[in-house]
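Report on the structure
Listed here are the chains, written in short residue letters.
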Amino acid sequence: MKKVMVGMSGGVDSSVAAMLLRDQGYEVMGVTLKLFSDEDIDQAQKDGKTCCALNDVMDARSVAYKLGFEHVVFNFKDNFREYVMKNFSDSYLCGRTPNPCIECNRHVKFDKMLRRALELGYEYIATGHYAVNEYDEASGRWLLKRPKDRSKDQTYVLYSLTQEQLSHTIFPLGGLDKTQVRELAGKVGLINSEKPDSQDICFVPDGDYAAFIRRFTGADVPCGNFVDTEGKVLGEHKGIINYTVGQRKHLGISLGKPAYVVSKDVASNTVTLGDEKDLYTKSLIADDFNLISVPEITEPMRVTAKTRYSQKEQPATVTYLGEGKYKVEFDEPQRAVTSGQAVVLYDGDVVVGGGTII
């Protein structure tokens, strides 16, 4: 019997993923990851918006007990703190806007958890992500593909998966939509069948990124100048970590017309404001790239690409520049392309790869 370790957040998706694998004859062990200190968990539980609060651990354990398999908790908080929380804070302090879910998948769920699973004799890990992975005989490569439920497509945050990781990973929900998942959970009486999906960054449940960064790093984030696209001073900002490209609300300045954050400069501690038209660009450069469907890109390749999770993919051409850098040129200008976010490339439903926007 094949053995699989299922990452269980306490939500309905991972619970149904575990149930489906059990029904398919796998020997299942449910695992919930402890990613925070006790104080962080207590606060998150009060806010009720995170995937790692104590009640979520109890929900995961309850599901495992009902379905008849073992459930354990792994303490990965040091790993999470280093690779996710610290990376998040450092990136903001450097003027970038990171995506912590990508780093959590890269360093925790599909690295640390997978290595632990293999050490314990489990051949696979599984999660409740909406994605499909399959082996392509023609290319001899594992492919990551978009799921049936396009509204829940999570391939954007999974682009960093390596061939080795994909070969040991199962995504049981790839062929289902969310309604079906909730129906399956309801039929067997799972406690979390109607549990809402988590929405916010798990370690910043109140959404106040700047307060978290100040608390986490102890950094002094000084005020600075708002400037226009010509460099003219418009007023004072409250610290560069409070802003991201494309932001219009909560700027704390009135110019008599809508203003948008166009760019940030840490060296001069300035935030540039402009009109919406100033947010559009046709190209970007990315590094820290991971390719999935192809081993390399040696000549310009037509793809579709997106630069944020909720964006629809856009026609583009990707070119390798050397030294690990890639240029993505879009057919049409794209809004608010942001340093620190990911650009993910597709060939139809297949993920070509992705990287971090410089």
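Residues numbered from 1 in each chain as written. Predicted model: local features only at pLDDT ≥ 70, side-chain atom pairs only at ≥ 80, totals over all residues. Heavy atoms only, no water.

So, about unusual backbone geometry. Peptide bonds are, in most cases, trans, and in most cases residues other than glycine have a negative phi. Positioned with a positive phi, N269 is a non-glycine residue whose angle comes to about 55 degrees. When you line up the elements, N269 lands in the loop between strand 10 (260-265) and strand 11 (270-274). The buried category is assigned to N269, whose relative accessible area is 16%. (Helix = DSSP H or I, 4+ residues; strand = E, 2+ residues; numbered from the N terminus. Buried < 20%, exposed > 50% of the residue type's maximum accessible area, 1.4 Å probe, protein only.)

Right, let's get into the packing of aromatic side chains. As enumerated under the stated definition, the model contains 17 aromatic pairs in all. Seen in terms of ring centroids, F203 and F212 are 5.1 Å apart; in terms of plane orientation they differ by 50 degrees. Their pairing is tilted. According to the relative accessible area criterion, F203 is buried, its value standing at 7%. Taken together through their ring pairs, the aromatic side chains of F36, F80, F88, Y92, F203, Y209, F212 and F216 make up a single cluster. Here the guanidinium or amino end of K3 rests over the ring plane of Y122, the centre of that ring lying 4.5 Å away. One cation-aromatic arrangement involves R146 over Y346; the distance from NZ or CZ to the ring centre is 6.0 Å. (Phe/Tyr/Trp six-rings, centres within 6.5 Å; stacked < 30°, edge-to-face > 60°. Lys NZ or Arg CZ within 6 Å of the ring centre and 35° of its normal.)

Position of K306 relative to the elements: it lies in strand 13 (residues 301-306). Despite its burial, K306 remains without a salt bridge, the nearest opposite charge being carried by D153 at 4.5 Å. In terms of polar contacts, K306 uses its side chain to reach the backbone carbonyl oxygen of Y309, at 3.1 Å. (Lys, Arg positive; Asp, Glu negative; His and termini not counted. Salt bridge = Lys/Arg side-chain N within 4 Å of Asp/Glu carboxyl O. Polar contact = N/O pair within 3.5 Å; in protein donor to acceptor, adjacent residues only side chain to side chain.)

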